Amino acid sequence: MKRTLTLSAALLGTLALPAFAGSPEAGYSEPVPMAPAVVQAPVTSHDWTGFSFGGQFGYGKVDSDNPDREAGDALYGLRSYYDYDLGNFVVGGGVQYDATNIDLGPTAVDGILRVGGRAGADLGSTFAYGTAGYAKAFTDDNAFGDSNGYFAGIGAESMVARNVSVGGEVLYHKFEDFDAKAFEASATTANISLNYRF
């Protein structure tokens, strides 16, 4: 009986040794949290190829010679373009018409027509461009008549919905072909537009 108690005590002591030596979890360490993966925002791209039609609103100022006048007024009109997307570059052409009533004294400019091209950078959802072409100024006086001319300027369009873009342009115009031969005019216009792209 004494031997059995001694063996039992020895066996229990052997089994208890790991408890005094340390917990079996002593070698465990918390996992190091990993840094979250950096997710690149997708580059929004848009194919600018196709027709567009829109309306525009802005302001125009006309400087004239003979008579020497300067006047400005609101502009409102329509525009239509066809553009072709070449990848990083877009080319296109179209027509615009603005109605206005810019009073120069003996006559008033009541409309400006533009037919021209544009070309520029495809920046994904934005198209930044230069534009130039033919322009015609209409007056309300037969003695002054109308004038052929040209325009040049810069602009940009940005997509705001699947088929809708907003744009802006600043344009310079020159007119030297009125029926009143001494009468000449230059015009600067700034427009914003809302366009539907097909």
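Residues numbered from 1 in each chain as written. Predicted model: local features only at pLDDT ≥ 70, side-chain atom pairs only at ≥ 80, totals over all residues. Heavy atoms only, no water.

**Student:** Can you break down the nonpolar core residue by residue, with the values?
**Tutor:** Within the largest apolar cluster, 17 residues are counted, with the highest numbers of intra-cluster contacts made by V62, I102, L104, V109, F175, F178 and F183. Contributing elements (two or more residues each) for this core: β4 (108-122), β5 (126-139), β7 (164-175) and β8 (184-197). Ignoring anything within four residues of it in the chain, the contact list for I102 reads G60, V62, A71, G72, D73, T107, A108 and V109. The next biggest cluster of nonpolar side chains, apart from the first, holds 5 residues, and it includes W48, V90, Y129 and M159. (Core = buried A, V, L, I, M, F, W, Y, C linked by side-chain atoms within 4.5 Å. Buried < 20%, exposed > 50% of the residue type's maximum accessible area, 1.4 Å probe, protein only. Helix = DSSP H or I, 4+ residues; strand = E, 2+ residues; numbered from the N terminus. Contact = heavy atoms within 4.5 Å.)

**Student:** Let's hear about the sheet that holds strand β1 (residues 50-65): which residues, and what values?
**Tutor:** In space, the 8 strands of this closed barrel follow the order β1-β2-β3-β4-β5-β6-β7-β8, with antiparallel pairing throughout. Pairwise comparison of adjacent strand axes, ignoring direction, gives a mean angle of 20° for this sheet. Sheet topology note: the β4/β5 ladder contains 13 bridges and is antiparallel. In the sheet register, R118 faces β5, and the bridge partner there is T131. (Pairing = 2+ DSSP bridges. Axes fitted to C-alpha atoms, helices over the stretch in contact; angles between N-to-C directions.)

**Student:** Run through the side chain of H173, naming residues and quoting values.
**Tutor:** Mapped onto the elements of the fold, H173 is located in strand β7. Judged by relative accessible area, which is 0%, H173 ranks as buried. Here H173 is in contact with I112, R114, A135, Y150, F151, A185, S186, A187 and T189, once residues within four sequence places are set aside.

**Student:** Can you explain the pattern of salt bridges? Please cite residues and give values.
**Tutor:** For the structure shown, the criterion picks out 7 salt bridges. For R114, the salt bridge is made with D98, and the minimal N-O distance between the two is 2.8 Å. Residue R114 is located in strand β4, and its partner D98 is located in strand β3 (residues 89-103); the two are separated by 16 residues in the primary sequence. For the pair shown, R114 and D98 are each scored as buried. R197 is the salt-bridge partner of E157, the closest N and O atoms lying 3.1 Å from each other. A residue pair is termed long-range when its members are at least 10 positions apart, and E157 in strand β6 (residues 147-161) and R197 in strand β8 qualify at 40 residues. (Salt bridge = Lys/Arg side-chain N within 4 Å of Asp/Glu carboxyl O.)

**Student:** I'd like to hear about the confidence of the model for the protein, residue by residue, with values.
**Tutor:** The share of residues in the protein with pLDDT of 70 or more is 78%, and the mean pLDDT across the chain is 86. For the stretch residues 2-12, pLDDT sits under 50, and the model shows 0 contacts to residues farther than four places along the chain or on other chains. (pLDDT = per-residue confidence, 0-100.)

**Student:** Lay out the environment of L194 in plain terms, naming residues and giving numbers.
**Tutor:** Structurally, L194 can be placed in strand β8. For the pair L194 and G168, spaced 26 residues apart in sequence, the C-alpha to C-alpha distance is 9.1 Å.

**Student:** Describe the packing of aromatic side chains, naming the residues involved and giving the relevant values.
**Tutor:** In the structure shown here, the tally under the stated rule is 7 aromatic pairs. For the ring pair F51 and Y82, a centre distance of 4.7 Å and an interplane angle of 65° mean the geometry is edge-to-face. Placement of F51 in strand β1 and of Y82 in strand β2 (residues 69-85) is noted, with a sequence separation of 31 residues between them. Centre to centre, the rings of Y196 and F198 are 5.0 Å apart; their planes meet at 75°, and the pair counts as edge-to-face. (Phe/Tyr/Trp six-rings, centres within 6.5 Å; stacked < 30°, edge-to-face > 60°.)

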